[in-house]
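Listed here are the chains, written in short residue letters.
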Amino acid sequence: MADPLHTLGPAFQAAIAAAYGPEHAGADPALRRSDRADYQANVALGLRKQLGGAPRDIAQKIVEHLDLRGVAERVEVAGAGFINVTLDAGFLARAVSEVARDPRLGIQAGEPETVAIDYSSPNVAKEMHVGHVRSTILGDALARVLEAVGDRVIRQNHLGDWGTPFGMLLEHLVDDGGSAPKPPVDDGGSEPSVGDLNTFYQEARRKFDSDPAFADRARRRVVLLQGGDEATLALWQRFVAESRRYLASVYAKLGVTLRDSDIVGESFYNPLLPSVLAELVEKGLARESDGALCVFPPGFTGREGEPLPLIVRKQDGGYGYATTDLAAVRYRAGTLGARRLVYVVGSPQSQHLAMVFKVAELAGWLGDGGSRAEHVAFGSILGADKKMFKTRAGETVRLVDLLDEAVQRARDVIAEKNPDLDAVTREDVARAVGIGAVKYADLSNDRIKDYVFDWARMLAFEGNTAPYLQYAHARIRSIFRRADQAVPAADALVIAAPAERVLALAILGFGEVVHEVAETLQPHRLCTYLYGLSAAFSTFYEQCPVLKAKTEEERASRLALCDLTARVIARGLDLLGIEAPPQM
Ligand code: ARG
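Notes on the structure in this doc start here. (Residues numbered from 1 in each chain as written. Predicted model: local features only at pLDDT ≥ 70, side-chain atom pairs only at ≥ 80, totals over all residues. Heavy atoms only, no water.)

**Comments concerning the pattern of salt bridges**
No. 1: Under the counting rule described, the total for this entry stands at 33 salt bridges.
No. 2: Across the pair Arg-245 and Glu-242 runs a salt bridge whose closest N-O atoms are separated by 2.8 Å. Taken together, the residues Arg-245 and Glu-242, both in helix 9 (residues 230-254) and three residues apart, mark about one turn of the helix.
No. 3: The exposure class of Arg-245 is partly exposed, given its relative accessible area of 47%.
No. 4: When the shortest N-O distance is used, the salt bridge between Arg-431 and Glu-579 registers 3.4 Å. Taken as a pair, Arg-431 in helix 14 (residues 423-443) and Glu-579 in the segment after helix 20 (552-575) lie far apart in primary sequence, 148 residues in all.
No. 5: The class for Glu-579 is partly exposed, based on a relative accessible area of 44%. (Salt bridge = Lys/Arg side-chain N within 4 Å of Asp/Glu carboxyl O. Helix = DSSP H or I, 4+ residues; strand = E, 2+ residues; numbered from the N terminus. Buried < 20%, exposed > 50% of the residue type's maximum accessible area, 1.4 Å probe, protein only.)

Below you can see the structure in the form of C-alpha cells.
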C-alpha cells in the first residue's frame with residue numbers, strides 16, 4: 001500500500017458515502033498529483049451533475065467527512081471546487097521506505113491475466129523494415145510491463161513464412177542451382193546473410209513480373225507447396241531456417257526477449273484453416289462472392305458505400321493473410337486461453353485488424369465477456385526530410401546496419417564524455433547507450449505519431465533520452481563509490497526539504513505509471529515518468545547536500561533516497577528493454 005493513492009482513494013470514497021449516502025460510495029475521487037499540493041481531487045466537479053449545487057459546497061461537505069488523520073497534514077478546498085491534499089511528512093517517509101524495502105518497488109501485482117502479444121512478426125526471405133523494428137521494440141517493452149504487473153504473457157512472433165511469394169522464391173531457387181539448387185545464402189559464414197536473400201527476393205520478383213513462363217511455374221509451385229509436395233517443402237524449409245537464424249542474431253543484438261520458440265508463423269495455422277472456414281460457413285457468416293468466399297462484417301464500407309469483404313478463401317481456392325489471422329485469433333483465445341489479444345502492428349493495418357476482430361466477434365471467438373483484442377497501432381519513422389526513413393541511396397535501412405551505427409556513434413560520444421573508462425567498460429557502455437538510444441527514441445514518442453529519426457537528439461545527454469537517464473543512474477551509483485559506503489537501511493527516512501518531498505512523491509508514482517502502461521499499452525508514459533523522476537532527482541541533488549549533510553541521520557536518509565531513485569530508474573529502463581550501466 002505504498003502508493004498514497006491507495007490510502008487516499010478509499011478515504012475519499014468513505015467521505016463521499018458519509019456525506020451523500022452509500023449510493024455514491026463508488027464515485028471516482030478523480031485524484032491526481034498536483035503542483036498546488038501533493039494531490040488534488042476533482043470529485044466535486046464530477047458529482048455536480050448528479051447532486052446539483054455549487055462544486056465548492058460539495059467539496060466542502062466531502063472534506064468535512066474526510067478522515068485523513070496521520071495521512072494528510074492539510075486538506076483544503078480551492079478554485080472551482082478542487083480538494084487539495086498535502087501529505088503528512090511522516091506518512092510520506094513511511095510510504096517511501098515501504099517502496100525501498102519492496103523488491104517490486106511498489107508495482108502491485110494486479111489481477112493476473114493471460115495475454116497473447118503479437119509483435120515483431122517480420123517476413124521470411126525479407127529484411128526487417130522499420131515497421132518491424134518499431135513493432136519489435138514497442139512489443140518487447142509491453143511484454144515486459146505486462147509481466148511486471150503479474151500477467152502471464154505469451155509472445156507470438158507471427159512470422160510471414162507462407163503464401164504466394166514463396167512460389168516465385170522457390171522457383172528462382174531451383175533456377176539458380178539447377179537440379180541440386182544451392183541455397184541462396186552462404187551457410188558457411190557465421191554472419192547472417194538475409195541481406196543476400198533480400199536481393200534474391202528482388203531478383204525473383206523481377207523475373208516474375210517480366211517472364212510469363214516463370215510466373216506460371218511460380219504459380220504451380222505455390223500449388224505444390226500448399227499440396228505438401230515433399231521436395232518443395234524441403235526447399236521452403238531452407239528459407240525458413242535461414243531466416244530464423246538471422247532473426248535470432250538480430251534479437252540478440254537488440255536485446256529483446258523474443259526466443260525462437262516464440263515464433264508461431266503463418267504456416268503453423270495451415271492445418272487449421274479448413275475448420276476455421278467451415279465454422280464461418282456453418283455460422284452463416286461466409287458467403288460466395290465472385291468465386292471467392294467472403295465475410296462482410298457490418299460497419300465496413302468502401303468508397304462508394306459498398307460493403308467491404310474480408311476474403312477468407314480466394315478465387316483460386318487458396319487462403320490468405322485474413323484467413324490465417326482469423327485462425328490465429330481462434331487459437332490464441334481458444335487454445336492458448338488468452339483473455340487479452342494484443343497486436344503490435346503499424347497503423348496501415350488498422351482496417352484489416354478491425355475487420356478480423358469484428359468477424360472473430362461474430363464467430364464468437366472474441367467478445368461477450370470472454371477474450372478481447374486490441375490493436376497497438378503505431379506511426380512511421382521518418383527521415384530528416386520528413387519522408388519515409390531511407391538510406392542516402394534511397395534504399396530501406398537495414399536494421400543491423402542501423403544498430404551497428406548506433407553503437408559506433410555511442411562509442412564516440414562516450415570516449416569524449418569519459419576518456420578514463422577502461423576499454424571493456426567503454427564497449428559495454430557504448431552498446432547499452434547506442435541500442436538504448438534507438439529504443440528510447442521509439443518508445444518515448446506517443447506511438448501513434450510518426451517521428452523523425454535524429455541521431456544527435458537521441459544520443460544527447462540532455463533532454464528526454466536514454467543517455468540522459470542512463471547517465472543520471474550512473475551518476476547516483478558514483479555517489480556510493482565516492483562515499484565508499486554501503487546503502488543505508490531505508491527505515492529512517494526523513495522527508496523534510498521541499499525537494500525531498502517532490503522526489504519522494506515521484507518515487508511513489510512508479511507503480512501507478514507501470515499499471516497505466518499495462519492498461520493503455522503506451523510506453524511513452526513510463527518514459528515521461530522517468531524523465532520527471534530524474535529531473536526531481538537533479539533538483540534534490542542541487543538543493544540537498546548528501547555526503548555533506550548536516551547530521552548523520554540526514555546523510556543516511558538522503559543516501560537511501562539516492563539509492564532508491566537509482567533502482568527505480570534502472571527498473572524503469574529495464575521494463576523498456578534498456579540497460580542501465582553502473583558507470584559511464
Ligand atoms: N508479417 C506482417 C507484415 O509484415 C505483420 C503481421 C502482423 N501480425 C498479424 N497477426 N497480422 O506486415
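**Some thoughts on the site of the ligand**
No. 1: In the vicinity of the ligand, the contacting residues are Asp-118, Ser-121, Asn-123, His-132, His-158, Tyr-321, Asp-325, Tyr-343, Val-345 and Gln-349.
No. 2: Interatomic distance of 2.8 Å between a side-chain N/O atom of Asp-118 and a nitrogen atom of the ligand.
No. 3: Within the side chain of Asp-325, one N or O atom sits 2.7 Å away from a nitrogen atom of the ligand.
No. 4: Computed on the free molecule, the ligand has an accessible area of 350 Å², of which 89% lies beneath the protein chains in the complex.
No. 5: With respect to the detected pockets, the ligand is housed in the largest pocket.
No. 6: Looking at side-chain class alone, the shell around the ligand contains three nonpolar, five polar and two charged residues. (Near = heavy atom within 4 Å. Polar contact = N/O pair within 3.5 Å; in protein donor to acceptor, adjacent residues only side chain to side chain. Areas by Shrake-Rupley, 256 points an atom, 1.4 Å probe, with all protein chains shown as cover. 1 Å grid on protein atoms, 1.4 Å probe; cavity = no way out; pocket = protein on both sides within 12 Å on 5 of 7 lines; lining within 4 Å. Sits in = over half its atoms within 2 Å of the grid points. Nonpolar A, V, L, I, M, F, W, Y, C, P; charged D, E, K, R; others polar.)

**Some details on unusual backbone geometry**
No. 1: Phi at Asp-290 is positive, roughly 55°, even though this residue is not glycine.
No. 2: Summarising the element assignment, Asp-290 is placed in the loop between strand 7 (286-289) and strand 8 (292-295).
No. 3: Residue class for Asp-290 comes out exposed when judged on its relative accessible area of 68%.
No. 4: In the Ramachandran plot, Leu-521 falls in the positive-phi region, its phi being about 55° despite a non-glycine side chain.
No. 5: Position of Leu-521 among the secondary structure elements: in the loop between helix 18 (510-520) and helix 19 (524-543).

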